[in-house]
Amino acid sequence: GHPHEQLGGSVYADLLGIAGAPLPGIDYDRVEAEIAMLREAFLVDLVLAAHDVSDGGVLVALAKMAFATVAGARIGMRLAPSPLDGRAGVAAFAEAGGFVVEVTDGATFAALARDEGIEVVRLGETTAAFTFAFAEGIVRDLEALHDAWSAPLRDFYAAAPAGAA
């Protein structure tokens, strides 16, 4: 959907100490239509993976999707220039409702969305490299980011007593 820069209640605003940021509004009819369209896309095998953007925004959702491949294919992402690539503004970190969806056929997915009155934004494409490749040739390795993200859990479980559940 259309990117919003309303950061109220977001992790981004909390980390940067941004107070008084407006909360994103909720258009319940739009949310219901998006979920119905996403279910339809699953039913016709258009969806390879999907993740909500409610905890950190679009870039965090993309990172989590890549992290899910760390023990296997190790995919990354080449981002197309957009307000959601994190380079222009803060829309990539807003936590308004929405989904990141990896699809089998972008044109068919876009047509399904258009038929349902849903706006989609093409974010980029998956890659074989475990990196985020941003516009203007900026590339960031996901290995270090994954290590930083998983360290608290790794440290927690390493400290857990044997046999603890």
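Check the entry above for the structure.
Keep in mind that this is a model prediction, so the values were computed, not measured.

Asker: Quick rundown of the overall build of the protein chain? Include the residues and the values.
Answerer: Per the secondary structure count, the protein chain includes five helices and six strands. Secondary structure of the protein chain in N-to-C order comes out as α-α-β-α-β-β-α-β-β-β-α. The buried share among the 165 residues of the protein chain stands at 33%. In the protein chain, once contacts between residues fewer than 6 apart in sequence are set aside, the share between residues at least 24 apart is 74%.

Asker: Talk me through the packing of helix H2 (residues 28–43) against helix H4 (residues 106–115); I want residue IDs and the actual numbers.
Answerer: Running from amino to carboxyl end, H2 crosses H4 at an angle of 145 degrees, the nearest separation of the two axes being 10 Å. As for the relative orientation of H2 and H4, their crossing is right-handed in sense. Facing H2, whose interface residues are Met37, Glu40 and Ala41, H4 presents Phe109, Leu112 and Ala113.

Asker: How would you sum up the nonpolar core? Please name residues and give values.
Answerer: With 18 residues, the main nonpolar core has Leu62, Val100 and Phe132 as its most contacted residues. Only helix H3 (58–67) and strand S2 (76–79) provide two or more residues apiece to this core. Sort the elements by how many residues they give to this core and H3 lands first, with eight residues. Setting aside residues up to four positions removed in sequence, Phe132 forms contacts with Leu59, Leu62, Ala63, Met77, Ile138, Val139, Arg140 and Leu142. Formed by nine residues, the second largest nonpolar core is a distinct cluster that contains Leu38, Ala41, Ala113 and Ile118.

Asker: I'd like a description of the pattern of salt bridges, backed by residues and values.
Answerer: Taken as a whole, this structure holds four salt bridges when the rule is applied. For Lys64, the salt bridge goes to Asp55, with nearest N and O atoms at 3.5 Å. For Lys64, a relative accessible area of 22% gives the class partly exposed. Between Arg122 and Glu125 there is a salt bridge, with its nearest N and O atoms 3.6 Å apart. With relative accessibility at 55%, the residue Arg122 sits in the exposed group. The class for Glu125 is partly exposed, based on a relative accessible area of 34%.

About the cut-offs
- Residues numbered from 1 in each chain as written.
- Predicted model: local features only at pLDDT ≥ 70, side-chain atom pairs only at ≥ 80, totals over all residues.
- Heavy atoms only, no water.
- Helix = DSSP H or I, 4+ residues; strand = E, 2+ residues; numbered from the N terminus.
- Buried < 20%, exposed > 50% of the residue type's maximum accessible area, 1.4 Å probe, protein only.
- Contact = heavy atoms within 4.5 Å.
- Axes fitted to C-alpha atoms, helices over the stretch in contact; angles between N-to-C directions.
- Left-handed = near helix turned anticlockwise from the far one by under 90°.
- Core = buried A, V, L, I, M, F, W, Y, C linked by side-chain atoms within 4.5 Å.
- Salt bridge = Lys/Arg side-chain N within 4 Å of Asp/Glu carboxyl O.

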